[in-house]
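Notes for the structure review
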Amino acid sequence: MRNQVSLFVTCMVDQLFPKVGIAMADVLERLGYRVDFPEAQTCCGQPAFNSGYRSEAREVARHFLRTFEKSETIVVPSGSCTAMVAHHYADLFQKEPETLAKVHELEKKIYEFSTFLTDVAGVEDVGARLEEVVTFHDGCHALRELGIQSAPRRLLARVRGLELREMQPAEECCGFGGTFAVKFSELSGAMARTKLEAIVGTGAKAVVSLDPSCLMQIQGAISRAGLNVRTMHLAEVLASR
Amino acid sequence: MSVEFDRKIHLTLADANLQLAVYTATGRLKEKRKEVTAADVLPEYQDLRSQANALKKHTIDNLDHYLEEFERNVQARGGHVVYCKDATEVSDFVLDLAKKRGSKLIVKSKSMTTEEVDLNERLEHHGLEAVETDLGEYILQLAHEKPYHIVAPALHKTRYDVADIFTKELKIERETVPEKLTMIARAVLREKFLKADIGISGANFLIADSGAVTIVENEGNARLTTSTPKIHITVAGIEKLIPRAQDLAVFLKLLARSATGQLLSVYTSFLAGPRRAGEVDGPEEFYVVLVDNGRTKLLPDRGKRQSLYCIRCGACLNTCPVYRKIGGHSFPWVYSGPIGAIITPQFMGPTHEPALPFASSLCGACGEVCPVKIDIPKVLLELRSDVKKAETREKQNRLEKLAFRIFAWVMTRPRVYEMAGRIAASMAPASDGKWLRNVPPPMNMGPVKAWLNDRDLPPSPSKSFRQMWRSR
Amino acid sequence: MSRDNILHKVRTALGRSAGQGVVDVPPVRLQIPAVALEGRIASMRARIEALAGITERVPDMAAAREYVAQAILGKTAVASNSPYLAECGIATLPGVQCGIREVDTLREVCARVDIGISSADYVLSDTGTLVMIASPAEARLVSLLPPAHLAVVPVERILTGLDELFTVLPRPAEQTSSMVLITGPSRTADIEQILVRGVHGPGLLTVVIVG
């Protein structure tokens, strides 16, 4: 039996895409991890932080710190929420040395799902099978704040029956950006349509990403455009057999 | 968001030709930059960025020292340094000098700093002729427009637009071939160069240990501007300093690569004072106008001070998915794109266009390509916080503030959070797993309505993750 | 005007006092790669040709003179006062005006002739760049006003690149009011990003390497 890991499923997965969380738990359990779900968890606070409301973000961050204080390892199905905790919590607590020390402890034990698999669990083949042609969308925060690029691709390469076709460019933003998506909805929508062109250009039948928020944006635009492409979180792909 | 900002974004998005022109042009520049900075082509690229960042940080952190060193060295070579706090002082200085020397015609090479202070308009108002000589800038001067892009100012104009402008303004027969249009401009501007009394240039770098101005360009118009007239005036922001001529080896390798994907621009001029005894040509008088115009306001904040490291390469514009959609003229000031979004609020105050720092998906592409490693996303986040603090002080946008107070309250109370989630889910219409094109009132308001303008909404699952987890 | 006011604002904002020195200046970063002469020549030629410039390598001064004589046949030219051009016998070729030391005459001639002939103080091989230092020998306008620029450079002046240039010449301002690096012919892409050469400076660039 491997170690214990705690899930931080994110508020978006909890409320809108629960199957992603279940898929992630399934994959981790198959690999022999004991998985727990600290029930006090809510949100990482990113919506407030990115909207300029730092004191509100700080309150939510404090709650997060308390909730996961006892966890040894935290796994998150989102690059963006992981980056919020691992990169921006420190900005919030610059003036509170004690909390800052706790933040630095937290930074060491929180992992985005795909890098947890490749770097901590040390696996690339999780025994998944999915007969599908897919393309991969790099979430901006996973790519640029966490430097994640190869881990998800290595995992996808080992899924039986799956063909990965890279879109050009894979690394351009889908236009979600949290409240940006509604404050500048027309612009955000235009960015999503540019992303769709790249996706459709590959001929793939599914778009895979590490971030539920990107997938909500992309699926929302796909559905509006009436395209026959589905979106899948990497966890859902890896849980398939 | 101001009505103006919103309207300009909308109009740009709705203009299919403009969308294609801007997206294609920036895409090409973006790809070229990527090719010449790739690890196998330039293995020292990241090292150069770090060095450039360290040099800029050091210079800005000790700016007064380098300003004075620069000043001493310019004077030692027979040049003059003039400090100007704002637009009026810059134009007063030029007007006064022109009057003393009896000058009528001024040729100008590209300078964003003079755009900042509306120098051309001010000079023309006093009866001087000031002619832009960079082809793109010349086109825009004839069209009475501001630059669309820091590096490629007329990026939004097609050959047909240029043909229309030249036909109307130069009273010539219509010509649409870019080569021929360029040669028409060359002929008109060559006459101006040979007659001009004063040349005004910008500067890419001011070299403290040399008292020198460095100008990077491709056309040769900056060389002409600084060589043919008897008087050369450089107008540059105080942040353009670097310590040593030797540091150019770092900056020149980064600048052209980041801007246009060239290894070096065609012409790099390193100019130190007026023509010297024995030299055959060059200006007789050499002035450097050091402009503040708000820059000193950026210095006190250690986190945001880095905004002054910018070397105006335009790489952040070309890679920015927002700039590539809304173009340069949607931005509220002369600087556009990510760098415009971080310097405009600091020059003009956070409430000048409060929405500006929010017009970003925070994708981080700008920070990744910045040759001097300005952490643009981080500065954007700090500016967002500044805007919200200002709004809170002035009791503006109180509904949003309340919404985020509620957000924080709910998110720190797991049971309330869970209940709120279930209530929201129960209100969502049944959809059989299909994504929703619209929702009934009262849900079709605010953010939900905005989302639904362009995208469908996910259906609410019958159970939240935590409910599923409990029944597992 | 606002000198003292601006310097005061800067110092206040940075928490510095007047006359305070600087510490921890980042060291100069100059790294000169070892590239043999033939490698430098090959790289330089490839770079210039990639920019639509012309290069020619000739064995000696006489051959240089012959090459230039052919290149300017039927055209008018101005030559800089470079001793090297004189030594090659290029300055005295028929059709070449030379020895101009008065600026108005120089302007008039440079604006009229077809070709400007100069030497160069250095050539940077990794970018294909001519380094032109203004002096009694080299005027600025010779390489700028005519529609074509032809530079004749002895092989020993080829450096590897910028790092070597700034090692050889740490403070160019000590010897000139103007150092210009020329990398290819004048160009613009301001209309629809279509490349057009010779917009303001010379549209044709020829570099003759001697030796």
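Residues numbered from 1 in each chain as written. Chains lettered and ligands numbered in written order. Predicted model: local features only at pLDDT ≥ 70, side-chain atom pairs only at ≥ 80, totals over all residues.

**Considerations on the overall build of chain A**
Keep this limit in mind: Segments assigned H or I by DSSP are reported as helices when at least four residues long, segments assigned E as strands when at least two residues long, and all are numbered from the N terminus. Each residue is classified by how many other C-beta atoms fall within 10 Å of its C-beta atom, where C-beta atoms are placed from the backbone; a count of 20 or more means buried, 12 or fewer means exposed, and values in between mean partly exposed. Throughout, a pair of residues is in contact if the C-beta atoms placed from their backbones lie within 7 Å.
If you tally the helices and strands in chain A, you get 13 helices and eight strands. For the C-alpha atoms alone, the extent of chain A along its principal axes is close to 50 × 45 × 25 Å. Taken over 241 residues, chain A has a buried fraction of 59%. The long-range fraction of contacts in chain A, counting pairs at least 24 apart against all pairs at least 6 apart in sequence, stands at 78%.

**Some details on the overall build of chain C**
Secondary structure assignment for chain C yields six helices and twelve strands. A total of 211 residues make up chain C; the buried ones form 52% of that total. Look at the contacts in chain C between residues 6 or more apart in sequence, and 73% of them connect residues 24 or more apart.

**Brief notes about helix α3 (residues 45–61) of chain B**
Residues and elements named next belong to chain B. To keep it simple, the criterion reads: Each residue after the first adds 1.5 Å to the expected span of a helix. Note: the arc covers the axis-to-C-beta directions of the helix.
The end-to-end C-alpha distance of α3 is 24 Å, a good match for the 24 Å that 17 residues give at a rise of 1.5 Å each. Turning to α3, its buried residues are L48, Q51, A52, L55, K56, T59 and I60. Angular distribution of buried residues about the axis of α3 spans 155°; they occupy a single face of the element. Structurally, α3 contributes buried residues whose contacts are with α4 (63–76), β8 (241–242) and α12 (248–260).

**Details of the confidence of the model for chain C**
Where we set the bar: The predictor's confidence in any single residue is recorded as pLDDT, a number from 0 to 100.
Of all residues in chain C, 100% have pLDDT values of 70 or greater, and the mean over the chain is 97. Scored as a complex, the prediction yields pTM 0.96 and ipTM 0.98.

**A word on unusual backbone geometry**
In the segment running from A:Q168 into A:P169, the intervening peptide bond is cis, with an omega of -10°. Examined against the element boundaries, A:P169 turns out to sit in the loop between β6 (160–164) and α10 (180–183). The omega torsion across B:P441 and B:P442 is 5°, close enough to zero to call that bond cis. Here B:P442 shows up in the loop between α19 (414–427) and α20 (446–454).

**Points about the interface of chain B and chain A**
This is how it is decided: Gly counts as polar in this scheme, as do all residues outside two lists: the nonpolar Ala, Val, Leu, Ile, Met, Phe, Trp, Tyr, Cys and Pro, and the charged Asp, Glu, Lys and Arg.
With 46 residues of chain B at the contact, the number on the chain A side is 53 residues. Looking at the side of chain B that touches chain A, the elements with two or more residues in it are α1 (3–14), α14 (323–326), α17 (376–393), α18 (398–411), α19, α20 and α21 (465–470) of chain B. Looking at the side of chain B that touches chain A, its residues break down into 27 nonpolar, nine polar and ten charged.

**Quick look at the interface of chain C and chain B**
Here is the rule: A strand pair is defined by DSSP finding two or more bridges across the two strands.
In this complex, chain C contributes 61 residues to the contact, which on the side of chain B involves 76 residues. If you list the elements that add at least two residues to the side of chain C that touches chain B, you get α1 (3–14), α5 (103–112), α6 (162–168), β9 (178–182) and β10 (187–188) of chain C. The biggest single contributor to the side of chain C that touches chain B is α1(C), with nine residues. Along the lines of polarity and charge, the residues of the side of chain C that touches chain B split into 32 nonpolar, 16 polar and 13 charged. Here strand β9 (residues 267–271) of chain B pairs with β9(C) via five bridges, running antiparallel. Considered in β9(C), the bridge of B:T268 is made with C:L181.

**A closer look at the pairing of strand β3 (residues 129–132) of chain B**
All names here are of chain B. Burial along β3 is one-sided: A130 and E132 are buried, and none of E129 and V131, which face the opposite way, are. Where strand β2 (residues 105–108) meets β3, four bridges bridge the pair, whose relative direction is parallel. For L105, the partnering residue across the bridge sits in β3 and is E129.

**Overview of helix α8 (residues 135–143) of chain B**
Residue pairs spaced three or four apart in an α-helix point in one direction, given the helix's 3.6 residues per turn. Looking only at α8(B), the buried set comprises B:L135, B:G136, B:E137, B:Y138, B:I139 and B:L140. Buried residues belonging to α8(B) abut β3, α9 (159–170) and α10 (178–195) of chain B together with β10 of chain C. In the segment just after α8(B), B:H144 is the residue with positive phi, at about 55°.

**A few points about the sheet that holds strand β10 (residues 285–291) of chain B**
All names here are of chain B. Convention followed: Inter-axis angles, ranging from 0 to 180 degrees, are taken between N-to-C directions of lines fitted to C-alpha atoms, where helices are fitted over the stretch in contact.
The strand order across the open sheet built from six strands is β1-β10-β7-β4-β2-β3, with neighbouring strands paired in parallel fashion. Unpaired on one side and paired on the other, β1 (80–84) and β3 mark the two borders of the sheet. Here the average twist between neighbouring strands, direction ignored, is 20°. One ladder, built from seven bridges, connects strand β7 (residues 231–237) with β10; its direction is parallel. If you follow T234 over to β10, its bridge partner there is V288. Helix-sheet contacts for helix α5 (residues 87–101) involve β1, β4 (198–201), β7 and β10, and the interaxial angle to β1 is about 140°.

**Brief notes about the environment of B:S265**
Secondary-structure assignment places B:S265 in the loop between α12 and β9. Judged by the 23 C-beta atoms lying within 10 Å of it, B:S265 is buried. Considering only alpha carbons, one finds B:S265 and B:D292, 27 residues apart in sequence, at a separation of 28 Å. Excluding residues that lie within four positions of it along the chain, B:S265 makes contacts with B:V216, B:E217, B:N218, B:A256 and C:T183.

**A closer look at the arrangement of the chains**
Across the two pairs of chains in contact, the largest number of contacts is found between chains B and C. One finds no contact between chain A and chain C; the C-alpha atoms of the two approach each other to within 21 Å at their closest.

**What about the sheet that holds β6(A)?**
Residues and elements named next belong to chain A. An order of β6-β5-β7-β8 is seen for the four strands of this open sheet, with the pairing classed as parallel. Every other strand in the sheet has two partners, leaving β6 and β8 (230–233) as the edge strands with one partner each. Geometrically, the sheet is characterised by an average inter-axis angle of 40° between neighbouring strands, direction not taken into account. Alignment of strand β5 (residues 129–137) against strand β7 (residues 206–209), held across four bridges, turns out to be parallel. By the bridge assignment for β7, V134 is matched with A206. Of the strands in this sheet, β5, β6 and β7 touch helix α9 (residues 150–157), which is tilted by about 140° from β6.

**Concerning the pairing of strand β6 (residues 212–217) of chain B**
Residues and elements named next belong to chain B. For β6, the buried fraction is high: six of the six residues fall into the buried class. In this sheet, β6 lies alongside strand β5 (residues 205–207) in antiparallel orientation, the contact comprising three bridges. Bridge pairing in β6 places L206 opposite V213. Taken together, β5 and the strand that follows it, β6, pair antiparallel across an intervening segment of four residues, in which G211 is found at a positive phi of about 60°. The pairing of β6 with β9 spans five bridges and is classified as antiparallel. What sits directly across from V213, in β9, is L271.

**Examining the nonpolar core**
The following threshold applies: Each nonpolar core reported here comprises buried Ala, Val, Leu, Ile, Met, Phe, Trp, Tyr and Cys residues connected via C-beta atoms within 7 Å.
The biggest cluster of nonpolar side chains holds 287 residues, and the ones touching the most others in it are B:L290, C:I117 and C:V152. Examining the composition of this core, we find that nine residues originate from one element, α12(B), more than from any other. Excluding residues within four positions of it along the chain, B:L290 makes contact with B:L67, B:V81, B:V82, B:Y83, B:C84, B:A236 and B:I238.

**Here we look at the packing of α4(B) against α1(C)**
Worth spelling out the cut-off: When describing relative orientation, an angle under 35 degrees is termed roughly parallel and one over 145 degrees roughly antiparallel, while 65 to 115 degrees is termed roughly perpendicular and anything else oblique.
It is the contact of α4(B) with α1(C), at a shortest axis distance of 8 Å, that shows an interaxial angle of 150°. With respect to each other, α4(B) and α1(C) are oriented roughly antiparallel. Residues B:L63, B:D64 and B:L67 of α4(B) pack against C:L7, C:V10, C:R11 and C:L14 of α1(C). Considered class by class, the residues forming the contact of α4(B) with α1(C) number five nonpolar, no polar and two charged.

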